[in-house]
Amino acid sequence: MFMNSVTRQVFQGASKSKRFTFASISNRFMSDIPSTMKAAVVRETGAAEVLKVETDFPTPELQPNGVIVKNSYAGINFIDTYHRKGLYARDLPFVGGQEGGGTVASVSPEAAEQGIKVGDRVAYSVFGSYAEYTAVPAAKLLPVPESVGLDVATSCVVQGLTAHYLTTSAHADLIKEGEWCLIHGVGGGTCQWAAQMAKIRGFKVIGTCSKGKEDICKNLGCDELIVLDEVPGTAYENYESVDIVSKVKEVTDGKGVKCVIDGIGKSTVDISIDSLAHRGIFVSFGNASGAVPAFPVLRLIGKSAYVTRPKLLDYTTNREELIWRASEVFGWLEEGKLQVSVDTTFPLEQAAEGHLYLEAGKSKGKVLYDI
């Protein structure tokens, strides 16, 4: 069953006063779904302009054990730009995106047996979310509590769950409560979440951000905030404008941090490694400034340091793990422990503009498409 006893217990545990289940809105298996739809499609890799909106793209077919979701929102993430550029290869053509939220429009018999109904409010992470409709395996669906808006729920799926695994699992428990963590780019979407979740976990947090995002970052609860100049003509942090390593050593009494969470990449790899404490871990999860160049493993020997390059799929390997992470995130939202900033919402017709905005480093929170 989709909402089995384990699932119910996990979701109920996130908020004792509420049980997160799918709403019984309709008993029908299918609503009216057109044969073609609007979608943002990549037919050749390259700059943002290759992401083009088509109005007659074939609507996906309902699959066994799956549903069709009518999307209200799609999340825009840096990994989407890597797919568009060809940095992470995908078969062409493809519909962009891998994060969406909306209502169930069609249900397979297998999914119906799990209690899923047309009209249920859901969020998910599968390829093809930059479209009016997306085919989603039932196992990938997250039921959205009525108290959480679909825009916020969509924001949770990639960035929220990524921040969750970064602060709970990727560090392999090499950082303990009360120890220092350095998080780069806390003015951006994912690391706004990560800074708040690290505090929930009991870590002491040093965040870096640009002057243009300082106002947002002051409200995240960081114990120390290192504010950087911006690269001229951009909204990106200039990581050479402040001696971050010296500042980290000053804050930590010369010890360094037990964990660095780094989604910036090329511009921060040296800072991250040099900021580590003895037996600390460098968690490199993104390439906002470019891919991290290869470096000799002997570089880690001075502090017996660790390095990992994780991805979300390896931290949501089964239904139980996915539901556990989502239940904690939704529970913290309901309890007011997490603040979600939806920075900008673009209409899907402005697909290229959404990518350009994100890549320019302008966002102070989540960037979405309104489908």
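A few points on the structure.

Basis of the calculations
Residues numbered from 1 in each chain as written. Predicted model: local features only at pLDDT ≥ 70, side-chain atom pairs only at ≥ 80, totals over all residues. Heavy atoms only, no water. Helix = DSSP H or I, 4+ residues; strand = E, 2+ residues; numbered from the N terminus. Rg over C-alpha atoms; globule rule 2.2 N^0.38 Å. Buried < 20%, exposed > 50% of the residue type's maximum accessible area, 1.4 Å probe, protein only. Contact = heavy atoms within 4.5 Å. Areas by Shrake-Rupley, 256 points an atom, 1.4 Å probe, with all protein chains shown as cover. Lys, Arg positive; Asp, Glu negative; His and termini not counted. Charge placed at Lys NZ, Arg CZ, Asp CG, Glu CD. 1 Å grid on protein atoms, 1.4 Å probe; cavity = no way out; pocket = protein on both sides within 12 Å on 5 of 7 lines; lining within 4 Å. Points joined across faces, edges and corners; volume = space filled by probe spheres on them. Salt bridge = Lys/Arg side-chain N within 4 Å of Asp/Glu carboxyl O. Disulfide = S-S within 2.5 Å. Axes fitted to C-alpha atoms, helices over the stretch in contact; angles between N-to-C directions. Parallel < 35°, antiparallel > 145°, perpendicular 65-115°, else oblique. Left-handed = near helix turned anticlockwise from the far one by under 90°. Nonpolar A, V, L, I, M, F, W, Y, C, P; charged D, E, K, R; others polar. Pairing = 2+ DSSP bridges.

Some details on the overall build of the chain
Stage number 1. Broken down by element type, the chain carries 10 helices and 16 strands.
Stage number 2. What you see for the chain is a C-alpha radius of gyration of 21 Å, in line with the 21 Å of a compact globule of 371 residues.
Stage number 3. Taken along the three principal axes of its C-alpha coordinates, the chain extends 65 × 45 × 40 Å.
Stage number 4. The proportion of buried residues among the 371 residues of the chain is 53%.
Stage number 5. A separation threshold of at least 6 residues defines the contact pool for the chain, and within that pool the share at least 24 residues apart is 68%.
Stage number 6. Summed over its atoms, the accessible surface of the chain is roughly 15600 Å², and 50% of this surface lies on carbon and sulfur atoms.
Stage number 7. Charge-centre separation for the chain: the mean point of 38 positive side chains lies 4 Å from the mean point of 43 negative side chains.

Quick notes on empty space enclosed by the protein
Stage number 1. With the rule as written, the count across this model stands at 1 cavity of 30 Å³ or more.
Stage number 2. Estimates place the volume of the largest cavity at around 40 Å³.
Stage number 3. Taken together, Val42, Leu51, Asp80, His83, Arg84, Arg90, Phe94, Gly96, Gly97 and His355 make up the lining of the largest cavity.
Stage number 4. When residues in the lining of the largest cavity are grouped by element, the largest group, 3 residues, is from helix α2 (residues 78–85).

A closer look at the pattern of salt bridges
Stage number 1. For the structure on display, the rule yields 16 salt bridges.
Stage number 2. Where lysine 199 meets aspartate 223, a salt bridge forms, and the shortest distance between an N and an O atom there is 2.9 Å. Of this pair, lysine 199 sits in helix α5 (residues 189–200) while aspartate 223 is found in the loop between α6 (214–217) and β11 (224–228), placing the two residues 24 residues apart along the sequence.
Stage number 3. Classification of lysine 199 as partly exposed rests on a relative accessible area of 28%.
Stage number 4. The class for aspartate 223 is partly exposed, based on a relative accessible area of 35%.
Stage number 5. With a closest N to O distance of 3.6 Å, lysine 364 and aspartate 215 form a salt bridge. Of the two residues, lysine 364 is situated in the loop between α10 (351–359) and β16 (366–370) and aspartate 215 in helix α6; the sequence distance between them amounts to 149 residues.
Stage number 6. On the basis of relative accessibility, which here comes to 46%, the residue aspartate 215 falls in the partly exposed class.
Stage number 7. One network of salt bridges, in which partners are shared, links Arg84, Lys85 and Glu359.

Quick notes on α2
Stage number 1. Of all the residues in α2, the buried ones are Asp80, Thr81, Tyr82, His83 and Arg84.
Stage number 2. Where α2 is buried, its residues contact β1 (36–42), β2 (51–58), β3 (66–76), β4 (94–95) and α10.
Stage number 3. Looking one or two places after α2, you find glycine 86, whose phi comes out positive at around 95°.

Describing the state of the cysteines
Stage number 1. This model, assessed by the stated rule, comprises 0 disulfides.
Stage number 2. Cysteine cysteine 209 remains unbridged, with the sulfur of cysteine 217 as its closest cysteine sulfur at 3.8 Å.
Stage number 3. Relative accessible area serves as the criterion here: at 0%, cysteine 209 is assigned to the buried category.

Quick notes on the packing of helix α4 (residues 150–168) against α5
Stage number 1. Relative to each other, α4 and α5 sit at 45°, their axes nearing to 8 Å. Considering their axes alone, α4 and α5 lie oblique with respect to each other. Read as a crossing pair, α4 and α5 show a hand that is right-handed. In this structure, α4 contributes Ser155, Cys156, Gln159, Gly160, Thr162, Ala163, His164, Leu166 and Thr167 to the contact, and α5 contributes Gly189, Thr190, Trp193, Ala194, Met197 and Ala198.
Stage number 2. Tallied by class, residues from the contact of α4 with α5 come to 7 nonpolar, 8 polar and no charged.

Section: the packing of α2 against α10
Stage number 1. Between α2 and α10, the least distance of the axes is 10 Å, while the angle of their chain directions is 115°. As judged from the angle between their axes, α2 and α10 are roughly perpendicular. With respect to the hand of their crossing, α2 and α10 are arranged in left-handed fashion. Of the residues in α10, those touching α2 at Phe78, Asp80, Thr81, Arg84 and Lys85 are His355, Leu358 and Glu359.

Comments concerning the pairing of strand β5 (residues 100–107)
Stage number 1. Burial of β5 is extensive: 7 of the 8 residues sit out of reach of the surface.
Stage number 2. Pairing of β3 with β5 involves 7 bridges; the strand directions are antiparallel. If you follow alanine 74 over to β5, its bridge partner there is glycine 100.
Stage number 3. As judged from the 4 bridges shared by β5 and strand β6 (residues 121–124), these two strands associate in the antiparallel manner. The residue bridging threonine 103 from the neighbouring strand is arginine 121, located in β6.

Regarding the layout of surface pockets
Stage number 1. When its volume is computed, the second largest pocket comes out at roughly 180 Å³.
Stage number 2. Around the second largest pocket, the lining residues are Gly178, Glu179, Trp180, Lys204, Val251, Thr252, Asp253, Lys255, Gly256, Lys258 and Ala277.
Stage number 3. Taken together, the residues that form the lining of the second largest pocket break down as 3 nonpolar, 3 polar and 5 charged.

Honestly, that's just the spatial picture; any functional story needs more than this.
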